[in-house]
Amino acid sequence: MKYELKDDYIELFKLLKVLDLVDSGAQAKMIIAEGHVKRNAEVELRKRAKIHSGDTIEVADVIIEVE
């Protein structure tokens, strides 16, 4: 799955919400806090981590390439 940035960055929990991978921002924050999200192959626990072009996000079996 690809996501094209419209600004310089997007916060991680907002990215999950925008792509409809979660039902709510609260659910996005919960799965991030529980360690279920990887950024560039490393677990990312910061809910508001700034995701930039070139980052790869993994959630369960979904891989998101940020452009």
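## So, the pairing of strand β6 (residues 56–59)
Link 1 in the chain: The side-chain alternation of β6 yields one buried face, formed by I57 and V59, and one unburied face, formed by T56 and E58.
Link 2 in the chain: Note that strand β3 (residues 37–39) and β6 share 3 bridges and pair antiparallel. The partner of R39 across the bridge, within β6, is I57.
Link 3 in the chain: In textbook terms, the turn of a hairpin is the stretch between consecutive antiparallel strands, and for β6 and strand β7 (residues 62–66) this stretch comprises 2 residues, one of which, A60, has a positive phi near 55°.

## Brief notes about the packing of aromatic side chains
Link 1 in the chain: A full pass over the atoms with the stated rule returns 0 aromatic pairs.
Link 2 in the chain: It is K29 that lies over the ring of F13; its NZ or CZ is 4.6 Å from the centre.

The rules behind each value
Residues numbered from 1 in each chain as written. Predicted model: local features only at pLDDT ≥ 70, side-chain atom pairs only at ≥ 80, totals over all residues. Heavy atoms only, no water. Buried < 20%, exposed > 50% of the residue type's maximum accessible area, 1.4 Å probe, protein only. Helix = DSSP H or I, 4+ residues; strand = E, 2+ residues; numbered from the N terminus. Pairing = 2+ DSSP bridges. Phe/Tyr/Trp six-rings, centres within 6.5 Å; stacked < 30°, edge-to-face > 60°. Lys NZ or Arg CZ within 6 Å of the ring centre and 35° of its normal.

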